[in-house]
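Examination of the molecular architecture
Here are the chains, one letter per residue:
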Amino acid sequence: MDRHRKWTCGLGTFLLLVLQTLTLALEVPLDLPQPPTITMQSPKDYIFDPRENIVIHCEAKGKPHPSFSWTRNGSHFDIEKDPKVTMKPNSGTLVIDISGEKAEAYEGTYQCTAHNDHGAAVSNDIVIRQSRSPLWSKEKDKKLVVQLGVSLVLQCRPPAGLPPPIIMWMDNNFQRLPLNPRVSQALNGDLYFSNVVRGDTRTDYICYARFPHTQTIQQKQPISVTVLENNPISERKPGFMMPLGPSSTKMVLKGETLELECIAEGLPTPSVLWQKDGGAMSQSASFQNFNKTLKISDVSEADAGNYRCVANNNHGSAHHIIKVSVKAAPYWISAPRNLILAPNETGILTCRVNGDPKPKISWFVNGVPLQNVPVDRSRKIEDDTVILSHVQTGSSAVYQCNASNEFGYVLANAFVNVLAEPPRVLTQPNRIYQVITNTHALLDCASFGSPIPAITWFKDNQISIKNEDAYVIHENGTLEIHVAQPLNSGKYTCIATNNLGIKENHVFLEVKEPTRILKQPEYKVVQRGMRTVFECKVKHDPSLIPTMTWLKDDAALPDDGRFVVGTESLTIKDVVDGDEGTYTCHMNTTLDHDSASAMLTVVERPDPPTDLEMTGQKDRSVELTWTPGDEHNSPTQKFIIQYEDHLHQPGVWLNLTEVPGTSPTAQLQLSPYVYYSFRVLALNRVGYSDASQPSRQYRTNPAAPDINPAHVQGEGTEPGNLVISWTQLSGFQSNGPGLEYVVQWRQKDVEQEWSTKSVANVSRYVVSGTPTYVPYEVKVQASNDYGSAPEPEATIAYSGEDVPLTAPDSVQIMVHNSTLAEVHWEPVSVPSVRGKLQGYKVFYRRERGLHDAAEEAEPQPQQVQFLTFGGNRSEGRLPGLQPYSLYSLHIKVLNSKGEGPASTSKTFETPEGVPGPPSFLNVVDHSLDSLTLEWGPPQHNNGRLAGYTLKYQPVNSTSELGPLRVMTLLSNETTIVLSSLNSSMLYKFYLSARTIKGSGPDLSEEAFTVMDTTVASRQVDIATQGWFIGLMCAIALLILVLLIVCFIKRNKGGKYPVKEKEDAHQDPEIQPMREDDGTFGEYSDTEDHKPLKGSRTPSNGTVRRDESDDSLVDYGEGGDGQFNEDGSFIGQYSGKKEKDTHEGNESSEAPSPVNAMNSFV
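The following refers to the structure shown.

Thresholds, definitions, all that
- Residues numbered from 1 in each chain as written.
- Predicted model: local features only at pLDDT ≥ 70, side-chain atom pairs only at ≥ 80, totals over all residues.
- Heavy atoms only, no water.
- Helix = DSSP H or I, 4+ residues; strand = E, 2+ residues; numbered from the N terminus.
- Buried < 20%, exposed > 50% of the residue type's maximum accessible area, 1.4 Å probe, protein only.
- Disulfide = S-S within 2.5 Å.
- Core = buried A, V, L, I, M, F, W, Y, C linked by side-chain atoms within 4.5 Å.
- Contact = heavy atoms within 4.5 Å.
- Pairing = 2+ DSSP bridges.
- Axes fitted to C-alpha atoms, helices over the stretch in contact; angles between N-to-C directions.
- Patch = residues over 30% accessible without salt bridge, like charges linked within 9 Å, V, L, I, M, F, W, Y side chains within 5 Å.
- Areas by Shrake-Rupley, 256 points an atom, 1.4 Å probe, with all protein chains shown as cover.
- Salt bridge = Lys/Arg side-chain N within 4 Å of Asp/Glu carboxyl O.

1. Comments concerning the environment of Trp 745
- Along the chain, Trp 745 turns up in strand 67 (residues 740–747).
- Judged by its relative accessible area of 11%, Trp 745 falls in the buried class.

2. Structural notes on the state of the cysteines
- Scanning the entire structure with this criterion turns up six disulfides.
- Across the disulfide, Cys 262 is cross-linked to Cys 309 (sulfur-sulfur distance 2.0 Å). Its S-S torsion of about -70 degrees marks the bond between Cys 262 and Cys 309 as left-handed, since a negative value means left-handed. Here Cys 309 lies in strand 27 (residues 305–313) and Cys 262 lies in the loop between strand 22 (258–261) and strand 23 (263–267), a separation of 47 residues in the sequence.
- Look at Cys 262 and you get buried, because its relative accessible area is 0%.
- Here Cys 309 falls in the buried class, since its relative accessible area comes to 0%.
- Disulfide pairing is shown between Cys 536 and Cys 585; the S-S distance is 2.0 Å. In this structure, the disulfide formed by Cys 536 and Cys 585 twists by about -75 degrees around the S-S bond and is classed as left-handed. Of this pair, Cys 536 sits in the loop between strand 50 (532–535) and strand 51 (537–539) while Cys 585 is found in strand 56 (residues 581–588), placing the two residues 49 residues apart along the sequence.

3. Brief notes about the nonpolar core
- With 30 residues, the main nonpolar core has Ile 54, Ile 56, Trp 70, Ile 96, Tyr 110 and Ile 128 as its most contacted residues.
- At the level of secondary structure, the elements contributing two or more residues to this core comprise strand 2 (45–48), strand 3 (54–56), strand 4 (58–63), strand 5 (67–72), strand 8 (94–96), strand 9 (108–116) and strand 11 (126–130).
- Sort the elements by how many residues they give to this core and strand 9 lands first, with three residues.
- Filtering out sequence-adjacent residues up to four positions away, Tyr 110 remains in contact with Ile 56, Trp 70, Thr 71, Arg 72, Phe 77, Ile 96, Asn 124, Asp 125, Ile 126 and Ile 128.

4. With respect to the sheet that holds strand 30 (residues 347–350)
- Ordered in space as 30-35-34, the three strands form an open sheet in which the pairing is antiparallel. Both edges of this open sheet fall to strand 30 and strand 34 (379–382), since each of them pairs with a single strand only. Each strand of the sheet is rotated relative to its neighbour by a mean of 15 degrees, with strand direction disregarded.
- As paired strands, strand 34 and strand 35 (residues 385–388) are joined by four bridges and run antiparallel to one another. Bridging from a neighbouring strand, Lys 380 pairs with Ile 387 of strand 35.

5. Considering a nonpolar patch on the surface
- Taken together, the side chains of Leu 1037, Leu 1040, Val 1041, Ile 1044, Val 1045, Phe 1047 and Ile 1048 define a hydrophobic patch exposed on the protein surface, amounting to about 660 Å² of accessible area.
- Tracing the backbone shows Leu 1040 in helix 5 (residues 1026–1050).
- The exposure class assigned to Leu 1040 is partly exposed, which follows from its relative accessible area of 47%.

6. Observations concerning the sheet that holds strand 15 (residues 183–185)
- The strand order 13-16-15 describes an open sheet built from three strands, whose pairing is antiparallel. Both edges of this open sheet fall to strand 13 (152–154) and strand 15, since each of them pairs with a single strand only. Averaged over all adjacent pairs, the angle separating strand axes in this sheet is 20 degrees, with direction ignored.
- Direction of pairing for strand 15 relative to strand 16 (residues 191–193): antiparallel, over a ladder of three bridges.

7. Considering the pattern of salt bridges
- Within this structure, the stated rule accounts for 38 salt bridges.
- In this structure, Arg 157 and Asp 190 form a salt bridge, with 2.7 Å as the shortest nitrogen-oxygen distance. Taken together, the residues span a long stretch of sequence, with Arg 157 in the loop between strand 13 and strand 14 (166–170) and Asp 190 in the loop between strand 15 and strand 16 at a distance of 33 residues.
- Take Arg 157: its relative accessible area is 45%, and that puts it in the partly exposed class.
- The class of Asp 190 is buried, set by a relative accessible area of 2%.
- Across the pair Glu 1006 and Lys 988 runs a salt bridge, and its minimum N-O distance is 3.2 Å. In this pair, Glu 1006 is assigned in strand 88 (residues 1003–1008) and Lys 988 in strand 86 (residues 986–995), connecting sequence segments 18 residues apart. For the pair shown, Glu 1006 and Lys 988 are each scored as buried.
- Where salt bridges share partners, they join Asp 171, Arg 202 and Asp 204 into one cluster.

8. Side note on unusual backbone geometry
- Of note, the amide linkage connecting Lys 63 to Pro 64 takes the cis form, showing an omega dihedral of 0 degrees.
- Structurally, Pro 64 is set in the loop between strand 4 and strand 5.
- Here Asp 356 and Pro 357 are connected by a cis peptide whose omega angle stands at 5 degrees.
- Structurally, the position occupied by Pro 357 is in the loop between strand 31 (352–356) and strand 32 (360–365).
- In this structure, Phe 174 is a non-glycine residue whose phi angle is positive, near 60 degrees.
- Residue placement: Phe 174 occurs in the loop between strand 14 and strand 15.
- Its identity as a non-glycine residue notwithstanding, Asn 366 has a phi of 55 degrees, on the positive side.
- Tracing the backbone shows Asn 366 in the loop between strand 32 and strand 33 (368–369).
- Of the residues examined, Asn 366 reaches a relative accessible area of 27% and is grouped as partly exposed.

Structure, rendered in structure tokens:
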């Protein structure tokens, strides 16, 4: 019902309209009394097949169940009197058995009435007609003779059938005749020729009519057409064969299909266009029959107007206007709806229709025209509206509204049911609704009651729900939540109330998380035979059970073991071409779903090209074309053309050129005298195709060579010769048979003719009798039986070299210092070099030292040394000489052939330098307060030895250095006794030799003085006393007890000096000695108590280092030790004092028996 229609009949009428609107959705439960309602009926126009029974449907519901009756052609149809007619039990459907009867006897208009105690409902008028497929009337054979180019119409005119037949034109072999813009079939079935051609001559133009209900085909007599060519019709402008005249009209009903047709004749065949004057055509418009038919489906009033069809050819145009009018059979705007009213309520029935012309409305009550029923003051008729006021129990009825015009009618039943019923809720109790977050939720509260119950909603038994933004309560009681959120989950209660009672119902809403694909499948490009994986990761509500389905091209996956569906993936193994397509991941739950798709493209190396052809053959070029192979979804990037030279390199394929992948042709540049075969390879992103089949052989004609040999050069290998060499041409480069090389040479800058020699199959030629190392011009030219290559350019070459003739002169030597000298000489003349100058070679040797003027030469002179100075040099430096020495020197010039004669020998002396270190330094005698030192002179004095410098200083037990003492010694001294030293003290010694140039490097050594034996004897005597032994035992016992207590407290192993000492009273001479050097063993903890680095106790009571070297590195001097101005040594002894002292506090030596005795003395 249209709720926005405006009324002018006062406020009361408006209230009645609102009341009716609220009752539209009500349905009467079947257990309550209600008038009949037609639920099924046959169509208004029923065409039956005479070979089958007639079945006229009529079904209805009501309480009590309705009974049925029929009318035929407006009169009561007594079913019981006709044994051929039966009615189905509990139904109004008629079944008419027409076997053995004339079916025409049952044609007519039927109407069904369903009635019970509360009213009667009627069906539409159902027109029953028999389908017919009549035969064609007998006709004479038609033989048509026409001139070439004229227009022609072959009429079909099938017999009238019910329903109309489908027309087809075929030949004797039941093959449909071809239709085209020149030959077309009209809507009425006629065959139109815009102009006839020679091929239209035939004797079997046959029109067939197929009747769909009976599935029979009727055939018209064949038509013969003969086209004459003796007087052909000339070309002409278009004209219309159908419809005729400049305009025509067409009427169509609203909602039907409009078909407009224009068929034109002319020569050449005209084309047809359609236009609508003053507006655009409907979107549903389509063009058929080669644009000759305009079809518009579901016509509306907007499709009325003038349609213009225009026919054109190159001689002109013609047009025809079809004026289309749209009429309408009655159609519903708002059909009357059932009314359920309580006693004393008021309601309305409306019957709103439209049509053209305007329909006439008639009202019926229980199938009887309203004017023929008793007057009811509670009923008021206002055109299309029936107003029922203050209805009473027992006034239930069925009202019919019939609207008709000349094109048809519409009929509707609507009952008025007067009931007094308390509310009832029809929705299933405790129903659970599940929705997805952010979607709308509809909670049903279907109810019935009379008067109509009012519906209220509560959430969780306490929150009253009102119509607001978040909620909408519909007229039928349904609660709608526009955008459901998790907080909307819970229990909802709907309450239905009227004046007869109250009823409630509970439902539950669960708002679930949506199903979403988090990681969608991605587009894949896969090579054939490889493996690919589509991933599809999904998030869903944990309470919902998802189902993942994979589709290929919107269909199920192939039943193939290569497709492996995982929890969140699809794996395709060994991909083949047929796997290409779109793969979709569908994730479904009971409430929602999500899907994502990705394409799979299968690629492979391209197939090899085929159909190689050569065109445009010339001596030096040919055009090669081919057909590309399948690219396998990867575009060809380029084609590579290869060739095989059957004459020179059979079986070897070489690349000739490349062309882009979009060009299946190449212009090939060729060489003469080659037997070519070509093949083509294609390259795409995957790789190279196999090679195509070779082309046929193509032989080029011989010609003179195009190029000369490369890398032409000349070089003399011996005095008096010149070797000319080159790189030979390949057979491919020869351009013809009889390849030779013409070798030419002449001396440069000398007026003389070229010397020439022709050779073959070689790459060098030797010219003899040349002057020594003179420049020549040489060139090599290729030639064959067909001519010579272009004139080559000359190359400069030199004949063979010989050793130089002269030696450098004016040799002078400058001595810069004791290790460096500089030599100068006069270069030799260029001709005397007799070759390419490589440089000068300086030979020098140390003859002897200059330690004494009377010193004889060394018995074994040193080996000769040499330095080479490249290029045309006249000086050079000699580094690394030995000081205070006598050297001899001579120079030779050098070329590629060898060395020339030596220059006059020269001698020179190097000045003095600082000496080397003494050859050795030893401490040979140890005493209580003195040490004896011995040393040897330096191996290299590097001058007159002036003497020695001795430095020494004490080192205490904490590695601190004492004051440095310096002594100067004569050169002939090699030993010294140092006295007044401290006993049991370590000393460090530094000895260096010196010349007038200064001191050389130091040689170091260290040694201990001897212990005081008197003190040692006293210690032994005390150690043999009884009181001392008792005291030591008490101390040892106390230490043992302390160690046990510490062990118990710490409960772990600590390292303590618990080893008992040797008897202190024993004689030192019988103390155990070390096996390696005879020194006394030391008593100390191996980890916590370390002795002085490198120290040990010798047999004579002094302490020495383990090593015998004299380096100061162990004490920190290394190479960085320095002396102060006063001669004291600055080194690691003093630098480590703080550190060493700290370390000494952390750990100390275990006390020896001797030290223990000293503590009591």
